[in-house]
Amino acid sequence: MIVKKYCRIASFVFVGVLATIGSAFAQNKAPAVSEWEAVEAAAKGQTVQWNAWGGAENINAYIDWVGERMEELYGVSVNHVRLSDTAEAVSRVVAEKAAGRTEDGSVDLIWINGENFVAMKERGLLETPGWATDLPNWQYVDVENKPTVVTDFTVSTEGLESPWGMAKLTFWHDTARTDEASLPHSAKEIAAWLKDNPGRFTYPAPPDFIGSTFLKQLLVETAPDDIDLSQPVTDESFEAATKTMFAMLDEMRPNLWRSGQRHPENYSAMKSLLADGEVDILFAFNPAEASSGIAAGELPESVRPLTFPAGTLGNSHFVAIPFNAANREGALLLANFLISPEAQIRKENPDIWGDPTVLDVARLPEEDRASFEALPLGPATPSPAETGPVIAEPHATWQERLEEEWEERYVVGG
């Protein structure tokens, strides 16, 4: 018994020593964000597996440029893993955790927001809280005037993800073919307008994020005032909040493009439909998207904003690092570069992408501030007054329920 007890104690001590050594090793292997020089040194030579939506050529080209700058500045390579749905990367990290793969994961950085962020946060799948707010370039992020940079679909980010850009749902039409006064000026007006203009409107099929956003816009316009959409959805609140919304979608369906039997795959496909004159209304989550399309020769120069005076949904999009990222330091450097003045100025240029900045331009060095102020707005980019008020996103749990119900009604149900 004494021998067994001694062995248990010795084993305990040995395990404790190993734990201490392991902890020290982990600390050496994973320097804190505050030790930025050590982060830069550890990152050199790494290849960051950046999982990001790959459905737009201008965004893909911007990410290619980011990769070139990361190589030049830090000796870090970037591999853009092009996704059609962010949930693909989330599922991979979930599977790796279930399999006990706590390091050397296959995903280093994810372009993310909304329900995917909430799912990873709740399951403990993200890098330690606070890493984002410890990044050197965080000093320029506009937390005061852009509160969604620290709140993702009403959920506090707690520094678990770093903001990359701003989004505001924006609608456009082609002034060469349609008069703005004859068009609907809210999502709930579209059903009535379609009766006189059958086939002239469509939306991407959820769970494409633009299609899901249209559902949410219609939801916030039609939900009863006593339903708090900032709270997690319940069976009761879902039924009460969506009754009018789905009645309108049912009414719209036979009058949609292709009688609602087909939907464009994504924004890019919807953009082609407007350019070809098959539909009259285009929408995206970036106010400069149409200007970028005009600059690329993808849209007619006569495309202009379609104002929704009561406002549209707005949010921020982010990048996050999984808990088991194999190239954590390279991912930290990449996240920091993405909120640098250099990267944000290029991203906001409508000739490149036109994605609004997350930075407080007034706090930037004079040269960077001047570069922002010199950016062209673009012929189809609305001013803040033209885009209308920013409407807060519903809690992230609403989106999945909306997508499930939409599929049940219009795909499974036929």
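Named according to an unreviewed UniProt entry, the protein chain is ABC transporter substrate-binding protein originating from Notoacmeibacter ruber.

(A) Region of the structure containing a negative patch on the surface. A contiguous patch of negative charge, built from E400, E404, E407 and E408, is present on the exposed surface. Along the chain, the position of E404 falls in helix α15 (residues 397-412).

(B) Helix α11 (residues 328-338), seen in detail. With 11 of its 11 residues buried, α11 lies for the most part within the structure. Residues R328, E329, G330, A331, L332, L333, L334, A335, N336, F337 and L338 constitute the buried set of α11.

(C) Up close: the layout of surface pockets. One number sums up the size of the largest pocket: a volume of about 1,300 Å³. The wall of the largest pocket is formed by 50 residues, among which D85, T86, E115, N116 and F209 lie closest to the centre. Taken together, the elements giving at least two residues each to the lining of the largest pocket come down to α4 (87-98), β3 (109-112), α5 (115-122), β6 (161-168), α7 (209-222), α9 (267-275), β10 (312-320) and α15. Within the lining of the largest pocket, the residues separate by chemical class into 23 nonpolar, 15 polar and 12 charged.

(D) Inspection of helix α8 (residues 235-252) at higher detail. A rise of 1.5 Å per residue sets the reference length of α8, with its 18 residues, at 26 Å; its end C-alpha atoms lie 25 Å apart and thus fit the reference within 8%. Remark: the principal bend of α8, roughly 50°, maps to T242. S237, F238, A241, T242, M245, F246, M248, L249 and M252 are the residues of α8 that are buried. Considering only its buried residues, α8 is in contact with α6 (190-196), α7 and α15.

(E) Up close: the domain arrangement of the protein chain. Taken as a whole, the protein chain is organised into domain 1 (38-166 + 316-380) and domain 2 (170-314 + 391-411). Put simply, the middle of domain 1 and the middle of domain 2, counted by C-alpha atoms, are 27 Å apart. In this complex, domain 1 contributes 22 residues to the contact, which on the side of domain 2 involves 24 residues. The contact between domain 1 and domain 2 buries some 1,700 Å² in all, and 55% of this surface belongs to carbon and sulfur atoms. On the surface where domain 1 and domain 2 come into contact, there are 0 salt bridges. Counting every contact that joins domain 1 to domain 2 gives 9 residue pairs in polar contact (both at pLDDT 80 or more).

(F) Structural context of the packing of aromatic side chains. Scanning the model with the defined rule gives 18 aromatic pairs in all. A ring pair is formed by Y62 and W65, whose centres lie 5.6 Å apart and whose planes are at 40°; its orientation type is tilted. Taken together, the residues Y62 and W65, both in helix α3 (residues 57-74) and 3 residues apart, mark about one turn of the helix. Comparing Y62 with W65, the two get one shared label, buried. Judged by centre distance (5.4 Å) and plane angle (50°), the ring pair of F201 and F214 falls under tilted. Linking F201 in the loop between α6 and α7 with F214 in helix α7, this pair joins segments that are 13 residues apart in sequence. Using a relative accessible area of 0% as the deciding quantity, one classes F201 as buried. One aromatic cluster in this structure is built from F171, F201, Y203, F214, F283, F308, W406 and Y410.

Rules of the game
Think of each chain on its own: its residues are numbered from 1, step by step along the sequence as written. Two thresholds apply to this predicted model, a pLDDT of at least 70 for residue-level local features and 80 or more for giving and counting side-chain atom pairs, whereas whole-chain, interface and lining totals are computed over all residues. Calculation of side-chain values draws on the structure's entire complement of heavy atoms; hydrogens and water are dropped beforehand. The patches reported here contain residues having more than 30% relative accessible area and no salt bridge. Joining distances are 9 Å for like charges and 5 Å for nonpolar side chains (Val, Leu, Ile, Met, Phe, Trp, Tyr). The protein chains shown are the only cover counted for residues, whose accessible areas, like all others here, come from Shrake-Rupley with a 1.4 Å probe. Just to be clear on terms, a salt bridge is a Lys or Arg side-chain nitrogen sitting within 4 Å of an Asp or Glu carboxyl oxygen. When charges are counted, Lys and Arg contribute as positive and Asp and Glu as negative, whereas His and the chain ends are disregarded. Charged groups are reduced to one reference atom each: NZ for lysine, CZ for arginine, CG for aspartic acid, CD for glutamic acid. Working definition: helices are DSSP H or I runs of at least four residues, strands are E runs of at least two. Numbering for both runs from the N terminus. Here's how the labels work: a residue is buried when its accessible area is under 20% of the maximum for its type, exposed when over 50%, partly exposed in between, all with a 1.4 Å probe on protein chains only. Whether a set of points on the 1 Å grid over the protein atoms alone is a cavity depends on a 1.4 Å probe fitting there but being unable to get out, while an open set qualifies as a pocket with protein on both sides within 12 Å along at least five of seven lines; lining residues are those with an atom within 4 Å of a point. Grid points are joined across faces, edges and corners, and a volume is the space filled by probe spheres set on the points. We call Asp, Glu, Lys and Arg charged. Ala, Val, Leu, Ile, Met, Phe, Trp, Tyr, Cys and Pro are nonpolar, and the rest, Gly among them, are polar. Under the convention used throughout, the expected extent of a helix is 1.5 Å for every residue step, that is, one less than its residue count. A residue's bend is given by the angle between axes fitted to the 7 residues ending at it and the 7 residues starting at it. Only heavy atoms matter for contacts: two residues are in contact if any of them lie within 4.5 Å across the pair. As used throughout, domain bounds are those supplied by an automatic or database domain assignment. The term buried area refers to how much accessible surface (probe radius 1.4 Å) is lost by two components on association, counted for both of them together. A 3.5 Å cut-off defines polar contacts: any pair of N or O atoms within that distance qualifies, except that in protein one atom must be a possible hydrogen donor and the other a possible acceptor, and neighbouring residues in sequence count only when both atoms are side-chain atoms. Note on ring pairs: Phe, Tyr and Trp rings are taken, using the six-membered ring of Trp, and paired if centres are within 6.5 Å. Classes follow the plane angle, with under 30 degrees stacked, over 60 edge-to-face and the rest tilted.

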